[in-house]
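Residues per chain are reported as follows:
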2 protein chains.
Amino acid sequence: MAEANDRRRFLKEGAALAGLGLGAASFASGQTFGTGLPEAHPKDLTLYGEPSRFVNTVRGRDPNSHGPFVHGPNALTPLQDSIGIITPAPLHFVSSHGNVPPDIDPREHRLMIHGMVNRPLVFTLEELKRLPFVSRIYFIECSANKSAASKKTVQETHGKTACSEWTGVRLSLLLKEAGVQQGASWLVAEGAEASQYTRSLPLAKAMEDVLVAYGQNGEPVRPHQGYPLRLLVPGWKAANDVKWLRRIKVVTEPYLHQQEITDYVDVRPDTGGNLRAARSRWINFEQGPKSVITSPSGGQQLPSRGFYMITGLAWSGGGAIRRVEVSTDGGRTWKDAQLEDPVLRIAHTRFSFPWKWSGEEAVLQSRCTDDLGQVQPTLAEFARFWGAASEQVLSGSASGVGHVTFIQPWKVTREGGVHNALA
Amino acid sequence: MAEANDRRRFLKEGAALAGLGLGAASFASGQTFGTGLPEAHPKDLTLYGEPSRFVNTVRGRDPNSHGPFVHGPNALTPLQDSIGIITPAPLHFVSSHGNVPPDIDPREHRLMIHGMVNRPLVFTLEELKRLPFVSRIYFIECSANKSAASKKTVQETHGKTACSEWTGVRLSLLLKEAGVQQGASWLVAEGAEASQYTRSLPLAKAMEDVLVAYGQNGEPVRPHQGYPLRLLVPGWKAANDVKWLRRIKVVTEPYLHQQEITDYVDVRPDTGGNLRAARSRWINFEQGPKSVITSPSGGQQLPSRGFYMITGLAWSGGGAIRRVEVSTDGGRTWKDAQLEDPVLRIAHTRFSFPWKWSGEEAVLQSRCTDDLGQVQPTLAEFARFWGAASEQVLSGSASGVGHVTFIQPWKVTREGGVHNALA
């Protein structure tokens, strides 16, 4: 195997870790740096805690799970109960493209970097964990995160986003070590699940800020999120964040793998929504800006008139959130919400807005602006851009429409019920 | 009941939330703002995820758990496996002062604020969650977090610290609403467990940054951490962070409750360590500055010579960490470590330091400086300050010595074993 030969060369020559000037790097495999690995997780609550039995916040089944491929488990973040900006790992949404999470033994797992590189490399998990690392709080949003008239709760309309502290090795470090050859401009990343999920990624993004993540919120990445390794492409649609990552091939052009051209595709407006016109705007990777009020939100019940903190989340793949405005009168007037610390790039940002409910009908909505100056669009603006009618967007019948970012209105009735005002 | 009467008055008059100018606040109880409360937590992994079965990171039993009171569960954060700065809630250390966590139904729980206030108040959890909130990433460290010669791993030497995103209401907001009377200068906070844990706290600190926390890392506070409410006193010893918080009384002086004068007491050096001299320096609340290398650390095994990232955590109750230095030669030379983003006030800060292990014996240690200019002491400096011999400090026989913050050395043997160099 060429890879095995080259890996031996790497070990023998102790190639300098590019840019670090650290001298020879020597890796051994088959040994565990940390502690041993038992076969089952203990249930002693002193050893590993659980929530109170009175807390029933769980992920939700996706009512609109569909697509051209066989789905595995899909589950939605319970945003209506979200607190702060960190999404607990057990509540992070799950979007599947194949099977249930593969049962990967970390001692057996390998990451291969090959293709147009001078030194193909194979890493064990322990080897990766010995390298320089970074931790960053980033959101991940699936581009299937689409509000619609048929959806009732914020978990259903917006539950395919989540925010974690991700820890891992910069992909640029691994690529520099492998030595990318002239002419290479794309990567193809592949997962270890049975369906071998595959995504193409521009090399420039990989060199900028992409992580090979092994940590999530201070623990190893959870199985549903890609244990033991997940690609983390900050600010871009979650479909790029290849789970159970096992292979990165450096190439000259995108692979246009079947999954890449049949799903998560944004069709150019001038094609009239014809997916087969093959001019799909699939290179539109970046998410947001987007915001949503998480409380009060659809399905909740206000117990009485009086004071409430309207609160929600805003995020943008383009950078940090600069401003969130809230309207409580159906969009006639807007006032600045407060951004709660910390306000981080490419992370969920918590906003809050004090509100006194008079007992009259009200429509609550939020809109955000990111530090690129991009403003979250209204439904009408969004539909106009994609050459569709608002009704088509809401019903989901407008094919090829880009990632849904339009403003979400919640209607409060005189009885205190909160409903999706798009319905 | 005076409190009930006053609470009714509060509801009726709709007293303005002080400083917010929000107009009338109207609270109803007995109704649920969110969703319903089932009696058991589901085990469906799609609804609530779990770590991989290959991940065995758990809290550790405290080998040195002792004290003058009956202990409940005690458990140590597994710092040797820590990643990033967030401690997962199930792995947050537990220091108990009484029983197992009380099984509190949040619908029944109340927080009373009374004593020297104009308007005694009683809040339900739902009422508190309707108020303005803040989220902050803060460490909590128990002052029993003491390295010693007898301890082997970083979990044992330093496992009584953890860092979470805490969300809650500022105590100052509640106190302003209650109207603190002239002459008041202290609080007494009480928990709802059977032993009614009680702590005194200066009013000035309460008005500065103390939180009544209901959220931890995006979820309700876990039962072992005080579900549904925990006092969070940033940067001060964890003993102040009253769990299962149910009562805050505004008073004129500290209560010197039995638990306050028999444990977590720092005796002034000039008393010769005599606890009964009653001049204990117990007003020394603030923690740190302190740092420790979490990897490589005691009990780990380096698989081979070559490149390693030395990494660890630093924190200070005095503010942000400004600098961490690492020595790999037993303290002869020190070099700056890299501080990893985010570097936050009163939070764990992750540092890293690239190191090539030659195969020779080495002693690794870290020392930190906070933005007040405070520098972490050596063992000798620490012992000298407290008027004790280093050996007394290490054996735990020096009574009344302040919170242990001295530098922790780890020795790497030629075989790659890592051991507590204090032993």
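Residues numbered from 1 in each chain as written. Chains lettered and ligands numbered in written order. Predicted model: local features only at pLDDT ≥ 70, side-chain atom pairs only at ≥ 80, totals over all residues. Heavy atoms only, no water.

**Topic: the overall build of chain A**
Helix and strand content of chain A: eight helices and 21 strands. Scored against the burial criterion, the 423 residues of chain A give a buried share of 62%. Contacts spanning at least 24 positions in sequence make up 71% of the contacts within chain A whose residues lie at least 6 apart. (Helix = DSSP H or I, 4+ residues; strand = E, 2+ residues; numbered from the N terminus. Buried < 20%, exposed > 50% of the residue type's maximum accessible area, 1.4 Å probe, protein only. Contact = heavy atoms within 4.5 Å.)

**Brief notes about helix α4 (residues 171–178) of chain A**
Most of α4(A) sits inside the fold, with seven of its eight residues counted as buried. Those residues of α4(A) that fall on the buried side of the exposure criterion are A:Leu171, A:Ser172, A:Leu173, A:Leu174, A:Leu175, A:Glu177 and A:Ala178.

**Looking at the pattern of salt bridges**
All names here are of chain A. The tally for this structure, following the rule as stated, stands at 22 salt bridges over all chains. The salt bridge involving glutamate 190 is made with arginine 247; its shortest N-O contact spans 2.9 Å. Of this pair, glutamate 190 sits in strand β7 (residues 186–191) while arginine 247 sits in strand β12 (residues 245–251); the two residues are 57 residues apart in sequence, bridging distant segments of the chain. Judged by relative accessible area, which is 8%, glutamate 190 ranks as buried. Residue class for arginine 247 comes out partly exposed when judged on its relative accessible area of 26%. A salt bridge links lysine 205 to aspartate 209; the nearest nitrogen and oxygen atoms lie 3.1 Å apart. Among the charged side chains, a network of salt bridges with common partners joins Arg323, Glu325, Asp336 and Arg367. (Salt bridge = Lys/Arg side-chain N within 4 Å of Asp/Glu carboxyl O.)

**A few points about the state of the cysteines**
Residues and elements named next belong to chain B. Evaluated as defined, the whole model comprises zero disulfides over all chains. Unpaired in this structure, cysteine 368 has its nearest cysteine sulfur neighbour in cysteine 163, at a distance of 14 Å. Using a relative accessible area of 0% as the deciding quantity, one classes cysteine 368 as buried. (Disulfide = S-S within 2.5 Å.)

**Overview of the sheet that holds strand β8 (residues 198–202) of chain B**
Residue and element names in this part refer to chain B. Strand order across the open sheet formed by five strands is β4-β3-β12-β7-β8, with mixed pairing between neighbours. Of all the strands in the sheet, the pair left with one neighbour each is β4 (121–124) and β8. With direction set aside, neighbouring strand axes in the sheet form an average angle of 15°. Sheet topology note: the strand β3 (residues 110–115)/strand β12 (residues 245–251) ladder contains four bridges and is parallel. (Pairing = 2+ DSSP bridges. Axes fitted to C-alpha atoms, helices over the stretch in contact; angles between N-to-C directions.)

**Examining the side chain of B:Thr57**
Residues and elements named next belong to chain B. Inspection of the secondary structure assignment puts threonine 57 in the loop between α1 (2–13) and β1 (60–61). A relative accessible area of 10% means that threonine 57 is categorised as buried. A distance of 2.9 Å separates a polar atom in the side chain of threonine 57 from a polar atom in the side chain of aspartate 81. (Polar contact = N/O pair within 3.5 Å; in protein donor to acceptor, adjacent residues only side chain to side chain.)

**So, unusual backbone geometry**
Residue and element names in this part refer to chain A. Residues glycine 288 and proline 289 are joined by a peptide bond in cis, for which omega reads 0°. Along the chain, the position of proline 289 falls in the loop between α6 (258–262) and β13 (290–295). With phi around 50°, tryptophan 244 is a residue other than glycine that occupies positive phi space. The buried category is assigned to tryptophan 244, whose relative accessible area is 5%.

**A few points about the environment of B:Ile85**
Tracing the backbone shows B:Ile85 in the loop between β2 (75–76) and β3. With 229 residues separating them along the chain, B:Ile85 and B:Ala314 place their C-alpha atoms 9.8 Å apart. Look past the residues within four positions of B:Ile85 in its chain and what remains in contact with it is A:Glu165, B:Ile137, B:Cys163, B:Pro342, B:Leu344, B:His348, B:Thr349 and B:Arg350.

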